[in-house]
Amino acid sequence: MFNSKRPRHQLSKAIEGDLRLSDLKPGEKGRIQEIGGSEQFRQRLIEMGLTRDAEICVDKYAPLRDPLELIIRGYHLSLRGMDAQKISVERIS
Amino acid sequence: MSFNIAIAGNPNCGKTTIFNGLTGARQHVGNWPGVTVERKSGHYSFADQRFDVIDLPGTYSLSAFSAEETIARQYLLDEGPDVVVNIIDASNMERNLFLTTQLIESGRPLVIVLNMMDMALEKGLEIDSETLSTLLGAPVVPVIGRTGEGLDLLREKILRVATEISQKSRPIDIIYPRDIEAEIQKINTLLEKSPLAERQVRWTSVKLLESDEETHHAVRAVDGGKEILDQTNDSIARIERLFKDTGRAVISHARYGFIQGAIRECVVENLSDAVDSSRQIDRILTNRWLGLPIFGFFMWLMFKITYDIGSIPMAWIDSVLVALMNFVSGVLPESMIASLLVDGVIGGVGAIAVFLPNIFLLFFIIAMLEDTGYMARVAFIMDRVMHNIGLHGKAFIPMIMGFGCNVPAIMGTRILESRRDRILTVLINPFMSCSARLPVYVLVAGAFFPENAATVIFSMYVLGVVAAIASGKLFSKTILKGMSKPFVLELPPYQRPTFRSLSLHTWERGYIFIQKMGTVILVGSIIIWVLGYFPTEVTLDRDYNAERANVSTQYAQELQDLTLKYEASIATDSSTYYSEMLSYRASSGYHMLNTQYLDIKAKLNASEQAEIFSLKQQEIGDITEQKWIGQVGKIFEPIVRPLGFSWRESVALITGFVAKEIVVSTYGVLFGVGENVDEGSHGVISGLRSSGMTPLVALSFLVFTLLYTPCLATVAAIKRETGTWAYTLFSIGYSLGLAYTLAFCVTYFGGMFNWLS
């Protein structure tokens, strides 16, 4: 069978209680740990440079509080809060 | 000899600018077969060779998750272009090079373009393109697409790579960590023995490890495929065990590792010189407090420019059309052909042609929003709102544009990347009350709600928005469920647009509209004309000429009587008439009596005119009733009867299918005030009032007009953008159903409570 149809690898799931990208305040930086969500979503983000250990910065929130603007690998990217919640990070000061 | 060139790159990397720079205006815009992804092709000549260029859809990867990626990938692998030109945004190399690593693996001869060198410099980046070229195993050409600097060198490199194909220059391999390489080797060995050996073996192996479905399918179909897939599964399991992540993620991670290594060797960052001007601009434009008001202002400005400036050439086109109509009717004798040309062709197509300036202006502004990079910010600012209906923030633009005209708005859904979003936006767009519906509101609301016309009209707009939102929610929970894509939006750096690129974009989209006018709308107008023209001979139950003559005689008699009385009253004091007038005469004398007489005479004249006019209206109504169009109206009358509509409304709504503003001119015809009626026309207003329509039915009619099937041009646009008749027919059926239901509710419940009767 296809690997894509198998349940995703256990270890790639973000663990409960982790710090999420959506928990960071504007101006704060983090290092990406795990990305949850659908395989397509995960792969899209990884392809756009949100790989494990990559540095990511929350630049600001949109006027209506959602989505967020992020800076990753030198460019600006926007994700919704609910999607940012699927990304666990380690804060860097 | 001619060569096939494919241009590949990320979205927002300036791909289209380079494409335009290479091919000039010699390009063709169409769709990729089966999908509504734009397919741009063009050609140029260099050193006596012809180069056919195709602009592949902008993608971040070749992983075949989206329609765009699938197209780009199939083209690269199956069509085998002679040269792939990979455009890279030099100011954002890291992510842009991700696609490059895949292009290198695909094995096509590659030329890499470092575009936007000026912006990279501004960001303080110094790039050693020689080193980069060695590292990537392909020529690297620095270019500034906006000014065209470096394009000649690019043409030369393309030529060289294209003609060197036979020499089989060995491209480099992206080297993965040792444990992955070991697995790749295992699969390679099996592949080389299989019928797939002639394809790019390494590409296939890597794609297998990435769990790429298409590659799995292809491998399974060949002899020995089972063995290869078994090995693949073993390898993936091993990689997952070693790296604690999916094979896909591990390989992507490794690609970024390779890229970071390359960048370390060939890019020097002078952070002290760096100016992120886009970030500075965004401090204001997407500011938490200023972002929304500024966006609102831009939207207002967009409308203002589109409709105010657009109304100037609109008047010119109108006068040209009138002149043309007069000319044709002057040259041709009164005949069927003349009527067909004047009323059918010129009148029908002309009714739409006057919108051309609006549409071109709107497209120009949209091109500006896109080319500057503000469009991405619109999505950023409005996503919270649109997300409620299950849509992407960008969908806000076509929705707003719908207030102007649904046709460009529906065509504007092309800015949305996902097909599901495009279809959903297309389906709810017609409920945004377009400007063509306004004359109908003004006319009917003016006739039945003179006190509250503005409120009634405004509620129509609100009802339209509510219908759009409710339908959007409904669709995204039913027919378009689960096809939604996650919101991953790049906010590209702001750029100064070039006039050339703006005009090209405007023309590309505007041309589609012109094409439509020449086809669908022309045919529709002719059909309506035929229905209104035949049968040429009608028999009327009443002799209107006699009735009119009768009315004239009656009034002439009354007038004569009046005059006699007046003269008598002046002559003899004993006249009864005089005694009635005595008080007047006492106060202001003879002069007053004269005024009184003239006054009554004028009133008699006016009421004579009115009666004749009313007869004329009835006559034309009777004639229309017997024309095919009236018969069609009669056929549909039983259907609209529960709504309180008569055959007149039935006819008006049917003709409104061609264009909603035609509802007004249809009423003009039905009430015999001629076709050149405007919404303030008293003839139509009095006609409507005397037709037996109640204010409640009028309201119901307005609701129906707002919601029912968009005009012919919109239907054509829906067909074009959804690409299927299924969605087109669904849209027609749904909007008709909704219009009928709501109009019925108005008539029925209003009638129950005796509102507005």
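In this text, all values refer to a predicted model and were calculated from it rather than measured experimentally. (Residues numbered from 1 in each chain as written. Chains lettered and ligands numbered in written order. Predicted model: local features only at pLDDT ≥ 70, side-chain atom pairs only at ≥ 80, totals over all residues. Heavy atoms only, no water.)

(A) A look at the overall build of chain B. A tally of helices and strands in chain B yields 33 helices and 10 strands. Its C-alpha radius of gyration of 35 Å places chain B more than 25% over the 27 Å reference for a compact globule of 757 residues. In terms of its C-alpha atoms, chain B occupies a principal-axis envelope of roughly 130 × 55 × 55 Å. The burial tally for chain B puts 51% of its 757 residues in the buried class. If you take every contact in chain B between residues at least 6 apart in sequence, the share linking residues at least 24 apart comes to 74%. Per element, the accessible surface of chain B, about 33,300 Å² overall, is 60% carbon and sulfur. (Helix = DSSP H or I, 4+ residues; strand = E, 2+ residues; numbered from the N terminus. Rg over C-alpha atoms; globule rule 2.2 N^0.38 Å. Buried < 20%, exposed > 50% of the residue type's maximum accessible area, 1.4 Å probe, protein only. Contact = heavy atoms within 4.5 Å. Areas by Shrake-Rupley, 256 points an atom, 1.4 Å probe, with all protein chains shown as cover.)

(B) The arrangement of the packing of aromatic side chains in detail. Inspection of every chain in the model, using the stated rule, returns 25 aromatic pairs over all chains. Where F744(B) meets Y748(B), the ring centres are 5.5 Å apart and the plane angle is 15°; that geometry is what we call stacked. Taken as a pair, F744(B) and Y748(B) lie in helix α33 (residues 725-752) at a separation of four residues, close to a single helical turn. What makes Y748(B) partly exposed here is its relative accessible area of 45%. It is R95(B) that lies over the ring of Y75(A); its NZ or CZ is 4.2 Å from the centre. Sitting above the plane of the Y494(B) ring, R377(B) keeps its charged end 4.1 Å from the centroid. (Phe/Tyr/Trp six-rings, centres within 6.5 Å; stacked < 30°, edge-to-face > 60°. Lys NZ or Arg CZ within 6 Å of the ring centre and 35° of its normal.)

(C) Here's a closer look at the sheet that holds strand β3 (residues 68-72) of chain A. Pairing is antiparallel in the open sheet, where six strands are placed in the order β5(A)-β1(A)-β2(A)-β3(A)-β4(A)-β10(B). Strands with a single pairing partner mark the edges of an open sheet, and in this sheet they are β5 (87-92) of chain A together with β10 (488-490) of chain B. Between one strand axis and the next, the sheet turns through 40° on average, direction left out of account. With five bridges joining them, strand β2 (residues 55-61) of chain A and β3(A) adopt antiparallel strand pairing. Considered in β3(A), the bridge of K60(A) is made with E69(A). (Pairing = 2+ DSSP bridges. Axes fitted to C-alpha atoms, helices over the stretch in contact; angles between N-to-C directions.)

This is a description of form; function is not addressed.
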